[in-house]
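In case you want the letters, here they are:
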Amino acid sequence: MPSAEMTPASMHEPEPVRPATAEPVRPTSEDEIARAGSELIGGPLGRRALLGTSWWTPVRVVALVAIGMFALGLVQKAPCYHSAWFFGASSQYTKACYSDIPHLYQGRGFADHLVPYFDRLPDDMSGGMGYLEYPVLTGVFMEVASWLTPHSGSIQHQEQWYWFVNAGMLMVCAAVIAVCVARTHRRRPWDGLLVALAPALVLTATINWDLLAVALTAAAMLMWSRSRPVAFGVLLGLATAAKLYPVFLLGPLLVLCWRAGKWREFTQAVGGALIAWLVVNLPVMLFAFQGWSKFYTFSQERGVDFGSFWLIWAQNSTNPPSTGFVNTVAMVLVVLCFLGIAALAFTAPRRPRFAQLAFLIVAAFIVTNKVYSPQYVLWLVPLAVLARPKWRDFLIWQACEVAYFLGIWMYLAYTTSGDAHKGLPTQGYHWAIVLHLVGTLYLCAVVVRDILMPERDVVRRSGDDDPSGGVLDGAQDVFVLGAAAHPPRHAAHFEGPQVDWGRPEPPSLEDRSL
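Residues numbered from 1 in each chain as written. Predicted model: local features only at pLDDT ≥ 70, side-chain atom pairs only at ≥ 80, totals over all residues. Heavy atoms only, no water.

## Focus: the overall build of the chain
Along its length, the chain carries 26 helices and zero strands. In the chain, which comprises 514 residues, the share counted as buried stands at 56%. The long-range share in the chain, meaning contacts at least 24 apart out of those at least 6 apart in sequence, stands at 75%. A total accessible area of about 21,200 Å² is found for the chain, and carbon and sulfur atoms account for 66% of it. (Helix = DSSP H or I, 4+ residues; strand = E, 2+ residues; numbered from the N terminus. Buried < 20%, exposed > 50% of the residue type's maximum accessible area, 1.4 Å probe, protein only. Contact = heavy atoms within 4.5 Å. Areas by Shrake-Rupley, 256 points an atom, 1.4 Å probe, with all protein chains shown as cover.)

Quick look at the structure:
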């Protein structure tokens, strides 16, 4: 645009110069919480430490820690594995070890060899659900796990095996997520430890099958950071075939590519996503449409449920909102959030990082949605690490999520035990919901502040532009609005390590070792 308001400031400022070599960022040198925590393993990493010179590269350490923490999560589910899933409705809640996986083995026809989406489920088995209410790729994941489950012995024995097989497959997903996050920001491999050590991931990893979609999304983010838009699109399409939320990442990508003029790459990403989604969904859509559509109709027909602010409204009102009203208003709120994020992207003094906007859009969907299952926190964990790799803020948010995790199970214990002195009453559960919402909004506020004040951004303070941005990393703006056309000098260029964002970055030691 010829208007002065459309002229990006980056075209008027000299480009900073990148050092010849870019050393990996050591969290213990820039983060006080990481520095204090490192005392448990011998203290901060020294200046003369030889990184990447042995088998113990940061990425491999992150992967092993993720597997170890996942194993601790399996131990946490042990009381349910041995008895609570099968004897006594409330004991699986009081022990906070509930999982959908063993219950749906029989409840969704896997024990009877019914084919998902094609075979209708008996009403007495599925509670009137009719068909499997999960997206197709998740249904494939569930079916593969049932093939690996021994169909002999008691139903309890089979359900135990089914959970155990799924847990093994989900452990692979957890390791993939941690590795992808560790490699997305080339100079920040140790940020993957935030994912590996996340308490909420340990507690919720085997509640449901969400880790499959999260792993595919994390892999897609890695591909985009390597300037591979087609691979990004394919993986994002597969992730959307496993869970709906990954498709929202195309929104932030649209506005960022618009601002940078990267229309070719955006088109390639959308094309790859659409083709991958169709490859998975089209066969089932054509030959079992009623079963295929169950996920979408169930999402629309489902009423206000656990974890949302809508539930607080419904349980404290004599005239609770109808499902149709909630669907409409929630959709309007998501659209308004998207428009606000788009405005932020176009008017920020520097183009926001892809991970920052991706986190904000998924968080907006979670906060406004009519249901928040405790495992939904997994959607945000890798995005939060990439958007704001600061241990203090991450742990504050995680503490809120752990409190909610305990709150929902104690509330369910209260409603199912019949004992008024056992569990958490309704008002107490409402406070747990508020704590979850406050924690998520706090992290959103910090990310927005980083966008408006890029000198506060942990990633950019270490000398990078947008390491998860791929073709956006170091690109000049071609379309901006408002204040972005004339940013204050401190916002465009701040004191700190200087980089030349137009030149490719050499691979780090840990990348060369893998």
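So that's the structure; there's more coming.
## A look at the environment of Leu-193
Within the fold, Leu-193 resides in helix H10 (residues 192-196). Classification of Leu-193 as buried rests on a relative accessible area of 17%. The spatial distance from the C-alpha of Leu-193 to the C-alpha of Val-385 is 9.3 Å, given a sequence separation of 192 residues. If we ignore the near neighbours within four places in the chain, the residues touching Leu-193 are Val-62, Val-65 and Trp-391.

## As for the packing of aromatic side chains
Tallied over the full model, the rule gives 39 aromatic pairs. An angle of 85° between the planes, with centres 5.9 Å apart, marks the rings of Phe-405 and Trp-409 as edge-to-face. Remark: Trp-409 and Phe-405 occur in helix H22 (residues 391-417); sequence separation between them is four residues, near one turn of the helix. One exposure class covers both Phe-405 and Trp-409, and it is buried. Joined through ring pairs, the aromatic side chains of Tyr-245, Phe-248, Phe-306, Phe-365, Tyr-372, Tyr-376, Trp-379, Tyr-404, Tyr-411 and Tyr-429 make up one cluster. (Phe/Tyr/Trp six-rings, centres within 6.5 Å; stacked < 30°, edge-to-face > 60°.)

## Considerations on the side chain of Asn-327
Topologically, Asn-327 is positioned in helix H19 (residues 323-347). A distance of 2.6 Å separates polar atoms of two side chains, one belonging to Asn-327 and the other to Lys-370. Not counting the four nearest positions on each side in its chain, Asn-327 is found in contact with Gln-300 and Lys-370. (Polar contact = N/O pair within 3.5 Å; in protein donor to acceptor, adjacent residues only side chain to side chain.)

## Topic: the state of the cysteines
Tallying each qualifying case throughout the model produces one disulfide. Disulfide pairing places Cys-80 opposite Cys-97 at an S-S distance of 1.9 Å. Here the S-S torsion is close to 75°, and the disulfide linking Cys-80 with Cys-97 is therefore right-handed. Residue Cys-80 is located in helix H4 (residues 78-84), and its partner Cys-97 is located in the loop between helix H5 (91-94) and helix H6 (100-107); the two are separated by 17 residues in the primary sequence. By the burial criterion, Cys-80 is buried, and Cys-97 matches it. (Disulfide = S-S within 2.5 Å.)

## Notes on the pattern of salt bridges
Scanning the model with the defined rule gives 14 salt bridges in all. For the salt bridge of Arg-302 with Asp-305, the shortest nitrogen-to-oxygen distance reads 3.3 Å. Given the relative accessible area of 23%, Arg-302 is considered partly exposed. Bridged by salt links that share partners, the residues Arg-388, Arg-392, Asp-393, Arg-449 and Asp-450 form one connected network. (Salt bridge = Lys/Arg side-chain N within 4 Å of Asp/Glu carboxyl O.)

## Details of the confidence of the model for the chain
Scored by pLDDT, the chain comes out at a mean of 86, with 83% of its residues at no less than 70. Low pLDDT (under 50) marks residues 1-21, which in the prediction has 48 contacts with non-local residues, meaning those over four places away or in another chain. Note that pLDDT drops below 50 for residues 490-514; the model gives that stretch 65 contacts with residues more than four away or on any other chain. (pLDDT = per-residue confidence, 0-100.)

## As for the packing of helix H9 (residues 155-184) against helix H21 (residues 377-387)
Interhelical geometry of H9 versus H21 gives an angle of 15° and a closest axis separation of 10 Å. As summarised for this structure, H9 and H21 are arranged roughly parallel, according to the angle between their axes. Where H9 crosses over H21, the two elements pack in a sense that is right-handed. Taken together, the residues of H21 that come into contact with H9 (itself represented by Ile-177, Val-181 and Thr-184) are Pro-382, Val-385 and Leu-386. Counted by class, the contact of H9 with H21 contains five nonpolar, one polar and no charged residues. (Axes fitted to C-alpha atoms, helices over the stretch in contact; angles between N-to-C directions. Parallel < 35°, antiparallel > 145°, perpendicular 65-115°, else oblique. Left-handed = near helix turned anticlockwise from the far one by under 90°. Nonpolar A, V, L, I, M, F, W, Y, C, P; charged D, E, K, R; others polar.)

## Quick look at the environment of Pro-199
Looking at the secondary structure, you find Pro-199 in helix H11 (residues 199-204). Relative accessible area serves as the criterion here: at 30%, Pro-199 is assigned to the partly exposed category. Spatially, the C-alpha atom of Pro-199 lies 8.1 Å from that of Ala-399, the residues being 200 residues apart in sequence. The contact partners of Pro-199, leaving out residues within four places of it in the chain, are Gln-398 and Val-402.

## Remarks on the environment of Pro-321
Note on placement: Pro-321 falls in the loop between helix H18 (309-315) and H19. In this structure the C-alpha to C-alpha distance between Pro-321 and Trp-310, which are eleven residues apart in sequence, comes to 8.1 Å. Each residue touching Pro-321, except ones within four places of it in the same chain, is listed here: Trp-310, Trp-313, Ala-314 and Val-326.

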